[in-house]
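Residue strings, one per chain:
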Amino acid sequence: AVNPFLGLTDRPFAAAALSLSYPLDEFSVTALFGSNGTHRGVDLTADYGAPVYAVSGGTVYSVVSEGYNGGYGKTVILKHGDGDNALYTLYAHLSEISVTEGQTVGQRQQIGAVGISGVADGPLLYFEIRTADNQAIDPEGYLAFTYRVG
């Protein structure tokens, strides 16, 4: 599968009434959305092999289980909702993937494990949220990451 998020831009987006949980139990934030002017997600440093969870229930939209993948490495993309209101969450640099394309997942269900695949300086999870028209939105509108910057 090809990562549909490569080369896309961001736009302002108001947080919808969607309740998300954190994708990791324990982590430090090492890069926020918009850092360096180009970062379209957040880098969450965690122990190698730590479980990665779906932030909300949805369907596995895409799985990239091998290769460089534009620097993302092993990646899972989940689709939450339908039509123009759908959101997509991306989980990259995984060491393991626990789901398959088309599978339905629940909130806090393990979908993979933290790794260093692709381009990563150490074990981390790169996490993005995108709209149905593939525009990046700041995850801070859903989850408070700034207070966890380490």
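Look up: the structure comes first, before these words.
All residue numbers here refer to positions counted from 1 along the written sequence of the relevant chain. Where local features are concerned, this predicted model is filtered to residues with pLDDT of at least 70; where side-chain atom pairs are given and counted, the filter is 80 or more; whole-chain, interface and lining totals use all residues. To obtain the side-chain values, all non-hydrogen atoms of the structure were included, while hydrogens and water were left out.

*Asks:* Looking at this structure, I do not really get the overall build of the protein. What am I missing?
*Replies:* Per the convention used, a helix needs a DSSP run of H or I reaching at least four residues, while a strand needs a run of E reaching at least two, with both numbered from the N terminus. Of regular secondary structure, the protein possesses zero helices and 10 strands. Element order for the protein, N to C, with α for helix and β for strand: β-β-β-β-β-β-β-β-β-β. Throughout, a contact is declared for two residues whenever any of their heavy atoms are within 4.5 Å. Here the analysis covers contacts within the protein between residues at least 6 apart in sequence; of these, 65% occur between residues at least 24 apart. What sets the accessible areas is the Shrake-Rupley method with a 1.4 Å probe; for residues, cover comes only from the shown protein chains. For the protein, the computed accessible surface area is about 6,900 Å², with 48% contributed by carbon and sulfur atoms.

*Asks:* Please clarify how the packing of aromatic side chains should be interpreted in this entry.
*Replies:* Only centres within 6.5 Å qualify two rings of Phe, Tyr or Trp (six-membered ring in Trp) as a pair; their planes then separate them into stacked at under 30 degrees, edge-to-face at over 60, and tilted for everything else. Throughout the structure, instances matching the rule amount to four aromatic pairs. Ring geometry for Y72 against Y126: centres 5.7 Å apart, planes inclined by 55°, an arrangement best described as tilted. Note that Y72 is positioned in the loop between β4 (58–64) and β5 (74–80) and Y126 in strand β9 (residues 124–131), a separation of 54 residues in sequence. The classification of residues rests on relative accessible area computed with a 1.4 Å probe and restricted to protein chains. Under 20% of the type maximum is buried, over 50% is exposed, and intermediate values are partly exposed. Of the residues examined, Y72 reaches a relative accessible area of 12% and is grouped as buried.

*Asks:* What is the right way to read the pairing of β5 from this model?
*Replies:* Every other side chain in a regular strand lies on the same face of the sheet, so the side chains alternate between the two faces. In terms of burial, β5 is largely enclosed, as five of its seven residues are buried. When DSSP finds at least two bridges between two strands, those strands are taken to pair. One ladder, built from five bridges, connects β4 with β5; its direction is antiparallel. Bridge pairing in β5 links T59 to K79. As paired strands, β5 and strand β6 (residues 87–97) are joined by seven bridges and run antiparallel to one another. When the sheet's bridge partners are listed, L78 is paired in β6 with T89.

*Asks:* Sorry if this is basic, but what is going on with the nonpolar core here?
*Replies:* In globular proteins that are soluble, nonpolar side chains generally tend to be buried together. By size, the foremost hydrophobic cluster in this structure holds 28 residues, and its most contacted members are Y91 and I111. Where this core is concerned, the elements lending two or more residues are β2 (42–45), β4, β5, β6, β8 (110–114) and β9. Excluding residues within four positions of it along the chain, I111 makes contact with V52, Y53, A54, V76, L78, Y91, E96, I97, S98, V99 and V105. Throughout this description, the term nonpolar core refers to a set of buried Ala, Val, Leu, Ile, Met, Phe, Trp, Tyr and Cys residues connected via side-chain atoms within 4.5 Å. Listed in part, the eight residues of the second largest apolar core include I77, Y88, L90 and A92.

*Asks:* Help me understand unusual backbone geometry in this model?
*Replies:* Most peptide bonds adopt trans geometry, and most residues besides glycine take a negative phi value. Positive phi values are uncommon outside glycine, yet H93 reaches one of about 70°. Structurally, the position occupied by H93 is in strand β6. For H93, a relative accessible area of 6% corresponds to the buried category. Of note in the backbone geometry, N134 takes a positive phi value of approximately 65° without being a glycine. Summarising the element assignment, N134 is placed in the loop between β9 and β10 (136–137). A residue is classified by how much of its surface remains accessible, and N134, at 22% relative accessible area, is partly exposed.

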